[in-house]
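Structural description and commentary
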Amino acid sequence: FQQDDYFVYPPKSNDRARRKDIDWVGPGEVRLDLLDEHLQAFREGSETLTKPLVRYAEDTIETETVDLQGFSVAIAEGTYTSLLSADVRVFIDRDWHQTRAHREKRSRHAAELDPFIDRVLEIEHEIISGHKARADLVIDTDYAVHESGAGR
């Protein structure tokens with residue numbers, strides 16, 4: 001499950017909302033309640049699930065039905081997923097500068113690397129840095145995995 005599919009607004013619209021009001025940046029941008037519901041449905045053995053699907057180029061959010069049969073593990077990936085009711089939480093321990101460098105390496109569009117986005121990354125880092133205490137596993141900058149002993 002990709003958190004990006006669970007944003008309240010599609011990507012370009014969300015960017016406009018952020019630029020209009022920087023306080024929009026944060027967990028409120030994401031339908032974490034719905035993502036939690038979908039993870040719970042997976043745990044309860046649902047065979048299929050209809051979930052949001054972001055269409056980046058069209059700046060729309062549609063839906064797709066996914067077949068969950070045969071899967072015993074679900075992974076929820078995204079900035080605020082440590083706030084979910086997860087069985088195991090993993091925290092990738094890097095600062096916003098490292099996140100930006102990773103975006104550059106992936107050749108993200110220039111609009112996703114402007115100074116405003118730097119501010120967004122900084123805010124997100126401020127928010128999620130406190131989530132490290134919720135993690136069961138921490139991945140450091142050298143990609144080594146450490147048990148944190150925190151979790152729930």
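Look up a bit, the structure's there.
Here the residue numbers are simple positions, counted from 1 along each chain's written sequence. Selection of residues for local features in this predicted model requires a pLDDT of at least 70, selection of side-chain atom pairs for listing and counting requires 80 or more, and totals for whole chains, interfaces and linings are taken over all residues. With hydrogens and water set aside, each side-chain value is computed from the structure's full complement of heavy atoms.

A separate point is the pattern of salt bridges. We count a salt bridge whenever a side-chain nitrogen from Lys or Arg sits within 4 Å of a carboxyl oxygen from Asp or Glu. Applying the stated criterion across every chain, the model contains 11 salt bridges. Of the charged contacts in the structure, one is a salt bridge between Asp 5 and Lys 51, with a shortest N-O distance of 2.8 Å. Of this pair, Asp 5 sits in the segment before helix H1 (11-20) while Lys 51 sits in strand E1 (residues 48-55), placing them 46 residues apart in sequence. Relative accessible area decides the class of each residue, using a 1.4 Å probe on protein chains only: under 20% of the type maximum gives buried, over 50% gives exposed, and in between gives partly exposed. Classification of Asp 5 as buried rests on a relative accessible area of 6%. By the criteria applied, helices consist of DSSP H or I runs no shorter than four residues and strands consist of E runs no shorter than two, each listed in order from the N terminus.

Strand pairing follows a simple DSSP-based rule, namely that at least 2 bridges must link the two strands. Both E1 and strand E2 (residues 60-67) contribute to a ladder of 8 bridges, which runs antiparallel. For Leu 49, the partnering residue across the bridge sits in E2 and is Val 66. Between E1 and E2, which pair antiparallel one after the other, the connecting turn spans 4 residues, and Asp 59 there sits at a positive phi close to 55°.

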